[in-house]
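Now for the letters of each chain:
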Amino acid sequence: IKKFQKNGYSGFHEKKLELELEDALDRGYLLEAQRLLEELLSLAPTLKQNPDQNISIRILSARLLSKTGQHAPAKGKLMNILKIVQSREDRILKVHVLMALVEVCIEANAADYGLLYLLQLLDIAGELKFDSLLIKIRLLAAKIQMRVKLYKAARELLLSCMPHSLVNCSLSIRLDLILLYAECDLRDVLTSEGSLRDQLEKLASVEKLAKEQDNIRQLRSTYHLSALIYNKLGEIKNRNIASKKLMQIGAMCR
């Protein structure tokens, strides 16, 4: 930080806030994300000096709207951003906008619309060499496959990502892969009892790591999936324990 201040890099503070905002969204701290966004918007004159950064912050703003249930405004904002990005022919920014659009459609239970954006995304992604970005895209693809009940295809896609994620991705992405795979097993009526119990063991590991990372979004998913799996197995006591944990942490996600 001292080095940036010494060199007079005026964009450092804004970029720091942007990264903190993205991190708050990832970890499920929506009130903190809102505070950071408001602080960023107060720096709007400075942000206009960097159009690319301005767009990335607008994408984060739309994602925050979606996570607070405002899916239509979020989608409208992203569609406007997409028009700007397309006029510039900036492929990387376009990828991020399309990823956000797919995410919004999934959160709005509109997988059919999400598929349209996903196809555009996959068309561009084939030319990219950013492994972590590609794995994020494949995660979105697996979510869409799950929503249309293509569980086998989703599992195969997730399994293909796991070896690469150990080298190229953050712990948060690796945990998301495990959570989504567990959800696939839960939703698929063909999943055996043994497989479900295996997922419970993995979810216990995710819980420990998510606590260390202070990621309440992943903790909430962990408890929710655990409760549903225990219920499917008829283990009511364990289901109630997981449900209680989910209720305790639920308020923190608002």
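A brief report on the enclosed structure follows.

Rules of the game
Residues numbered from 1 in each chain as written. Predicted model: local features only at pLDDT ≥ 70, side-chain atom pairs only at ≥ 80, totals over all residues. Heavy atoms only, no water. Axes fitted to C-alpha atoms, helices over the stretch in contact; angles between N-to-C directions. Helix = DSSP H or I, 4+ residues; strand = E, 2+ residues; numbered from the N terminus. Parallel < 35°, antiparallel > 145°, perpendicular 65-115°, else oblique. Left-handed = near helix turned anticlockwise from the far one by under 90°. Contact = heavy atoms within 4.5 Å. Nonpolar A, V, L, I, M, F, W, Y, C, P; charged D, E, K, R; others polar. Salt bridge = Lys/Arg side-chain N within 4 Å of Asp/Glu carboxyl O. Buried < 20%, exposed > 50% of the residue type's maximum accessible area, 1.4 Å probe, protein only. Core = buried A, V, L, I, M, F, W, Y, C linked by side-chain atoms within 4.5 Å. Patch = residues over 30% accessible without salt bridge, like charges linked within 9 Å, V, L, I, M, F, W, Y side chains within 5 Å. Areas by Shrake-Rupley, 256 points an atom, 1.4 Å probe, with all protein chains shown as cover.

1. With respect to the packing of helix 9 (residues 131-147) against helix 10 (residues 151-168)
Inference 1: Packing of helix 9 against helix 10 leaves a shortest axis separation of 9 Å and a crossing angle of 160°. Regarding the angle of helix 9 to helix 10, the classification is roughly antiparallel. Classified by chirality, the crossing of helix 10 by helix 9 is left-handed. Side by side, helix 9 and helix 10 meet where Asp131, Ser132, Ile135, Arg138, Leu139, Ala141, Ala142, Gln145 and Met146 of the first sit next to Tyr151, Ala153, Ala154, Leu157, Leu158, Cys161, His164, Ser165 and Asn168 of the second.
Inference 2: Partitioned by chemical class, the residues of the contact of helix 9 with helix 10 number 11 nonpolar, five polar and two charged.

2. Points about the pattern of salt bridges
Inference 1: Taken as a whole and assessed by the stated rule, the structure comprises 18 salt bridges.
Inference 2: Across the pair Glu39 and Arg35 runs a salt bridge whose closest N-O atoms are separated by 3.3 Å. Here Glu39 and its partner Arg35 are both found in helix 3 (residues 30-41), four residues apart, which amounts to about one turn of the helix.
Inference 3: Owing to a relative accessible area of 27%, Glu39 belongs among the partly exposed residues under this scheme.
Inference 4: Where salt bridges share partners, they join Arg63, Lys67, Glu103 and Glu107 into one cluster.

3. Focus: unusual backbone geometry
Inference 1: Phi is positive for Asn109, which is not a glycine, with a value near 55°.
Inference 2: Positive phi, close to 70°, is recorded for Lys149, a residue that is not glycine.
Inference 3: Here Lys149 shows up in the loop between helix 9 and helix 10.
Inference 4: Judged by relative accessible area, which is 63%, Lys149 ranks as exposed.

4. As for the nonpolar core
Inference 1: Of all hydrophobic cores here, the largest spans 47 residues; its most connected members are Leu78, Val97, Val102, Leu121 and Leu158.
Inference 2: With 11 residues, helix 7 (residues 91-107) is the largest single contributor of residues to this core.
Inference 3: In terms of nonpolar packing, the next biggest core, distinct from the first, is built from 19 residues, Tyr29, Leu40, Leu64 and Leu219 among them.

5. As for a nonpolar patch on the surface
Inference 1: Together, Leu115, Leu119 and Leu122 make up a nonpolar patch on the protein surface, roughly 260 Å² of accessible area in all.
Inference 2: Checked against the element boundaries, Leu119 lands in helix 8 (residues 111-125).

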